[in-house]
Amino acid sequence: MSEPGRHEWPLFEVFVRAKRGLNHVHVGSLRAADHDMALHHARDLYTRRNEGVSIWVVRSDDVVASAPAEKESFFEPSGDKIYRHPTHYTIPGSVPHI
Amino acid sequence: MTMEAELSDDERTFHRTIERDQRVEPRDWMPEGYRKTMIRQIAQHAHSEIIGMQPEGEWITRAPSLRRKAILLAKVQDEAGHGLYLYSAAETLGADRADLTRRLIEGRQKYSSIFNYPTLSFADVGVIGWLVDGAAICNQVPLCRSSYGPYGRAMIRICKEESFHQRQGYELLMTMMGGTTQQREMVQDAVTRWWWPSLMMFGPPDDRSPNSAQSMAWKIKRHSNDELRQRFVDMTVPQAEALGVTLPDPALTWNAGRGHYDFGEPDWSELTRVISGDGPCNALRIARRRQADEEGAWVREAAAAHAAKRQHAHREEAA
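Residues numbered from 1 in each chain as written. Chains lettered and ligands numbered in written order. Predicted model: local features only at pLDDT ≥ 70, side-chain atom pairs only at ≥ 80, totals over all residues. Heavy atoms only, no water.

Participant: Whenever I open this one, the overall build of chain B confuses me. Can you help?
Facilitator: Each helix and strand in chain B was counted, giving 13 helices and two strands. Radius of gyration (C-alpha) of chain B: 22 Å, near the 20 Å computed for a compact globule of 319 residues. Each principal axis of the C-alpha distribution contributes one length, and for chain B these read about 75 × 65 × 35 Å. In chain B, which comprises 319 residues, the proportion classed as buried is 52%. For chain B, restricting intrachain contacts to residue pairs at least 6 apart in sequence, the fraction spanning at least 24 positions comes to 77%. When the accessible surface of chain B is split by element, carbon and sulfur atoms take 55% of a total near 15,500 Å². Each charge sign in chain B was given a centre, from 41 positive and 44 negative side chains, and these centres are 4 Å apart. (Helix = DSSP H or I, 4+ residues; strand = E, 2+ residues; numbered from the N terminus. Rg over C-alpha atoms; globule rule 2.2 N^0.38 Å. Buried < 20%, exposed > 50% of the residue type's maximum accessible area, 1.4 Å probe, protein only. Contact = heavy atoms within 4.5 Å. Areas by Shrake-Rupley, 256 points an atom, 1.4 Å probe, with all protein chains shown as cover. Lys, Arg positive; Asp, Glu negative; His and termini not counted. Charge placed at Lys NZ, Arg CZ, Asp CG, Glu CD.)

Take a look at the structure:
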């Protein structure tokens, strides 16, 4: 980030809450000098038509992500645990409300 | 299936994703050619939005009413926004937006040839909204389903906003057509000048578009240039009739057999000329972009220095 010249502004990821009751959702990224400027730019860039009531900005290099290559070892353990799902259990149709 | 056996696991995963119409996401493995094509297309698109601010921006201070001025300001601001959504998508592929800007200024990356034409009267603002943004919508709606996730998502946002651009343009023209004879002549003159360049926005004819086949196979592109051009003509002719203007093409006629309008051949040598830098405004557009970049440098540096100073003070306080 301290590199002089063109690369002076770091990248930020932007998350917008569309309305109360919904989660913040990732909408894109932008360049800004600091967090305050990132928030203002996010407002101008991603909410020009009332798309949001709240914004988060996060430095992109602070995001830790799972690797696509590790998808199997990371997510597959939940695949064979079918007993975690309600449809795994057989209940007679005569039993109400279950 | 010998081909299949030669593919690596990564390649197989990539091709399966495309085949199943799923999206390729930033950290997925992708062929270098796909990455390069995607960066080139997204950058070119982003540059078009940014350069596209200029022809209409010239009319902001000369808009005939406060209402028109507010609309035009909002529209030009949208173009800036579209450029930034797209640079954001390009950065997910490992491109750096400052580097892309440098490539644009140095003429190493291109932008849509349409923005190299001048805006001679206020009617041009309306015609750009109606025809140029109309053609852009035809091109962009299928791109919402482009195989690269971040590009498709950027296009969804852009398409929603383009609809305002096209409607404000058409409304502006309807207003002028209801005015004086001179105003109607201004509209007709602008339509006559912009019609052929608008048709050229879809690119060269299919048999002269060398990159199309690979882009279609990768599902970056969903329809051919000629298909989209035909769709645009079919959409636009009834709109021109409703407006009361004449499209400058004597060959334009309804073909009941095909269920489409027949139309004349654009002058492809003009497109080649304008793309290669010899359009009416190429030098002006790039000079203006370079000037904005240079004149903005001190602001970027000052903001960075201010941020560094604040961070420093913050650290001292915490220590």
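Participant: What is the right way to look at a nonpolar patch on the surface in this model?
Facilitator: Taken together, I82, Y83, Y89, I91, V95 and I98 of chain A make up a surface patch of nonpolar side chains, about 640 Å² in accessible area. Within the secondary structure, I82 of chain A is located in the segment after α2 (71-75). (Patch = residues over 30% accessible without salt bridge, like charges linked within 9 Å, V, L, I, M, F, W, Y side chains within 5 Å. Salt bridge = Lys/Arg side-chain N within 4 Å of Asp/Glu carboxyl O.)

Participant: Before we go on, may I ask you to explain the nonpolar core in this structure?
Facilitator: The nonpolar side chains of a soluble globular protein tend to be buried with one another. Residue and element names in this part refer to chain B. In terms of nonpolar packing, the biggest core is built from 51 residues, with W130, V187, W194, W195, F232 and V245 touching the most fellow members. Elements that contribute at least two residues to this core include exactly α5 (66-91), α7 (122-140), α8 (149-177), α9 (181-200), α11 (225-243) and α12 (268-278). Of all the elements, α7 adds the most residues to this core, at 11 residues. When residues no more than four places from it in sequence are discounted, the contact partners of W195 are L131, F232, V233, T236, L247, P248 and D249. (Core = buried A, V, L, I, M, F, W, Y, C linked by side-chain atoms within 4.5 Å.)

Participant: Honestly, the pattern of salt bridges in this entry has me stumped. Any pointers?
Facilitator: Note that side chains of opposite charge can pair when their charged atoms are close. All chains considered together, the criterion is met by 32 salt bridges over all chains. In this structure, E51 of chain A engages R157 of chain B in a salt bridge whose closest nitrogen and oxygen atoms are separated by 4.0 Å. With E51 of chain A in the loop between α1 (35-46) and β3 (54-59) and R157 of chain B in helix α8, the pair connects residues from two separate chains. Residues E106 of chain B and R108 of chain B are paired through a salt bridge, measuring 2.8 Å at the closest nitrogen-oxygen approach. Several salt bridges converge on common partners, so that one network encompasses R31 of chain A together with E91, D96 and R97 of chain B.

Participant: So what exactly am I meant to see when it comes to α9 of chain B here?
Facilitator: One turn of the α-helix equals 3.6 residues, which is why residues spaced by three or four share an orientation. Residues and elements named next belong to chain B. Here α9 contains 20 residues, and its C-alpha end-to-end distance of 30 Å stays within 8% of the 28 Å for a straight helix at 1.5 Å per residue. Along its length, α9 shows its largest kink, about 35°, at W194, and proline P197 lies within four residues downstream of that point. Of the residues making up α9, those classed as buried are V187, A190, V191, W194, W195, W196, P197, S198, L199 and M200. Against the buried residues of α9 lie α7, α8, α11 and α12. (Expected span 1.5 Å × (residues − 1). Bend = angle between axes of the 7 residues up to and from the residue.)

Participant: I'm lost on the interface of chain B and chain A in this one. Help?
Facilitator: Size of an interface: often given as the accessible area lost when the parts come together. The interface of chain B with chain A comprises 25 residues on the first partner and 24 residues on the second. Together, the buried faces of chain B and chain A total about 2,100 Å²; carbon and sulfur atoms form 46% of this surface. Contact with chain A buries area across many residues of chain B, yet R27, R157 and R300 of chain B alone supply 23% of it, more than any other trio. Here chain B and chain A share nine salt bridges between them. Seen at the junction of chain B and chain A, the total is 13 residue pairs in polar contact (both at pLDDT 80 or more). (Buried area = accessible area lost by both parts, 1.4 Å probe. Polar contact = N/O pair within 3.5 Å; in protein donor to acceptor, adjacent residues only side chain to side chain.)

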